[in-house]
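The chain contents come next:
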Amino acid sequence: MKIKKGTIPDIKACFSWLLCEIGIVRAIIMKLFLGIDGGGTKTDYLLCDETGHIISYARAKGLNPMDFGLAECQQRMKEGINTLSGVDASQVAGIYAGISGGSGKTEREFFQSYLQGMFPTAQVICGSDAVAALNSGLCSAKEDGGVLIAGTGSVGYARKAGKLFRIGGYGYLIDKGGSGFDFGHDALYSVFSHLDGRGPKTALTELLYHQIGDPLTHINQIYKGGKAYIASFAPLVFEAYRAGDAVATRIIEQNAQEIATLLQAIANHLDNDNRPIVLTGGIFQERKILSPLLTAMLNNRFHLIYPEYPPVYGAILEAAETVGYKPIPSFREQFILGWTSLKRL
């Protein structure tokens, strides 16, 4: 930064410049980790150093290869990474890319090969976004526990002695219950049944009319929009439930039962009595409604965790684990300080 002779420098500008310079120096002398949390509708990319200081963050398009195909996901990943600032490939030590629909052998190898080409000196691991979510809830890349993601779709994992066990996550044509798609589908079915005279009156009908207009003239758009569009109607179910709607109550109870079944299957792989299971994804934003139902259905046998930290934090922990780095005690606090600042922007 140059200051003309005889002028008074802008203190705020100087301070911003100094922070930038400190960040550059920090990046040069410390290990950097890249975490990627790829969901069906959005993907978080985050670069941080070994102290937990966030260098750069970006949110971009979803990455599920089951929805978009590998070639399109590769292009989206490239765009997302290029959005990050301060990335020097030679300084990135470890990378974890957790991708929805990306845990299969073909998908893992595809993404790993692509990222290894971009970051030839880094240790790269690719797998499920559930691993990132599990780590974020347990604040550990090693601890035993379970995770259930209920977003557009749903998938569960259990981790025991470093081994992962998958439960569900087979896509909307196979899975049933508990996902945003399921809540949205059940809402649509209930409304069309009401309009046809096949089902009872429901507050969901008025709510859907308010959101999209006449549903009977919107059928093509529903099919064109696909599962993510259908999942976007899930919040209507909870809105109708709060208004005391009987149909919405039945939808929530039925889907909660499916979630409880998934949780029980996850817990079957874990030994301890107070089994920790992380619950994450858009559906669990309605935890005040779902948590009492799940606790009762599971007889309060499990330790259900709603993570304080974003899944991309879990991806960073996994990235650090790939190079054998154990975060220092203040790592978490430093990360959350930076993350909180980002969320205020």
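The rules behind the values
Residues numbered from 1 in each chain as written. Predicted model: local features only at pLDDT ≥ 70, side-chain atom pairs only at ≥ 80, totals over all residues. Heavy atoms only, no water. Salt bridge = Lys/Arg side-chain N within 4 Å of Asp/Glu carboxyl O. Helix = DSSP H or I, 4+ residues; strand = E, 2+ residues; numbered from the N terminus. Buried < 20%, exposed > 50% of the residue type's maximum accessible area, 1.4 Å probe, protein only. Contact = heavy atoms within 4.5 Å. Pairing = 2+ DSSP bridges. Axes fitted to C-alpha atoms, helices over the stretch in contact; angles between N-to-C directions. Phe/Tyr/Trp six-rings, centres within 6.5 Å; stacked < 30°, edge-to-face > 60°. Lys NZ or Arg CZ within 6 Å of the ring centre and 35° of its normal. Left-handed = near helix turned anticlockwise from the far one by under 90°. Nonpolar A, V, L, I, M, F, W, Y, C, P; charged D, E, K, R; others polar.

Novice: Can you explain the pattern of salt bridges? Please cite residues and give values.
Specialist: Across all of its chains, the model carries 7 salt bridges by this definition. Taking the shortest distance from any N to any O, the salt bridge between D67 and K227 comes out at 3.2 Å. Of this pair, D67 sits in helix 2 (residues 65-68) while K227 sits in helix 8 (residues 219-231), placing them 160 residues apart in sequence. Overall, D67 belongs to the partly exposed group, its relative accessible area being 35%. Measuring nitrogen to oxygen at the nearest pair gives 2.9 Å for the salt bridge that ties E72 to R76. Residue E72 and its partner R76 are located together in helix 3 (residues 70-83), separated by 4 residues, close to a single helical turn.

Novice: Give me the lowdown on helix 9 (residues 234-242), citing residues and values where you can.
Specialist: Along helix 9, the residues classified as buried are A234, L236, V237, F238 and A240. In this structure, the buried residues of helix 9 make contact with helix 6 (180-196), helix 7 (203-212), helix 8, helix 10 (246-267) and helix 11 (287-297). Looking one or two residues past helix 9, G244 carries a phi angle of roughly 85 degrees, positive in sign.

Novice: Before we move on, could you go through the sheet that holds strand 1 (residues 32-38) and cite the residues and values that matter?
Specialist: Read from one edge to the other, the open sheet built from 5 strands follows the order 3-2-1-4-5, with strand pairing classed as mixed. Only two strands of the sheet have a single partner each, and these edge strands are strand 3 (54-61) and strand 5 (123-127). The average undirected angle you get between the axes of adjacent strands in this sheet is 10 degrees. Against the sheet, helix 4 (residues 105-118) engages strand 1, strand 4 (92-99) and strand 5, with an angle of about 150 degrees to strand 5. Strands strand 1, strand 4 and strand 5 of the sheet are contacted by helix 5 (residues 129-138), whose axis makes an angle of about 110 degrees with strand 4.

Novice: Now, about the packing of aromatic side chains: what can you tell me, with residues and values included?
Specialist: All chains considered together, the criterion is met by 11 aromatic pairs. Considering the side-chain rings of Y172 and F181, the 5.0 Å spacing of their centres and the 55 degrees angle between planes classify their relative orientation as tilted. The class for F181 is buried, based on a relative accessible area of 10%. Site record: aromatic cluster; members linked through ring pairs are Y57, Y309, Y313, F331, F335 and W339. Positioned over the ring face of F68 is R76, at 3.9 Å from the centre of the ring.

Novice: Go over the packing of helix 6 against helix 10, please, and point to the residues and values.
Specialist: Between helix 6 and helix 10, the least distance of the axes is 10 Å, while the angle of their chain directions is 145 degrees. Note on packing geometry: the crossing formed by helix 6 with helix 10 is right-handed. The residues of helix 10 that touch helix 6, namely those facing D182, F183, D186, A187 and S190, are V247, R250, I251, I252 and N255. For the contact of helix 6 with helix 10, the residue count by class is 5 nonpolar, 2 polar and 3 charged.

Novice: So what's going on with the sheet that holds strand 6 (residues 145-150)? Residues and values would help.
Specialist: Spatial strand order, 8-7-6-9-10: 5 strands in an open sheet with mixed pairing. Here the strands that pair on one side only, and so sit at the sheet edges, are strand 8 (163-168) and strand 10 (302-305). In this sheet, adjacent strand axes meet at a mean angle of 20 degrees when their direction is disregarded. In the sheet, strand 7 (residues 154-160) pairs with strand 8 via 6 bridges, with the strands oriented antiparallel. Counted as the bridge partner of K160 is K163 from strand 8. Packed on one face of the sheet, helix 5 meets strand 6, strand 7, strand 8, strand 9 (275-280) and strand 10 and runs near 120 degrees to strand 6. Lying on the sheet, helix 10 is in contact with strand 6, strand 7, strand 8, strand 9 and strand 10; it crosses strand 6 at an angle near 155 degrees.

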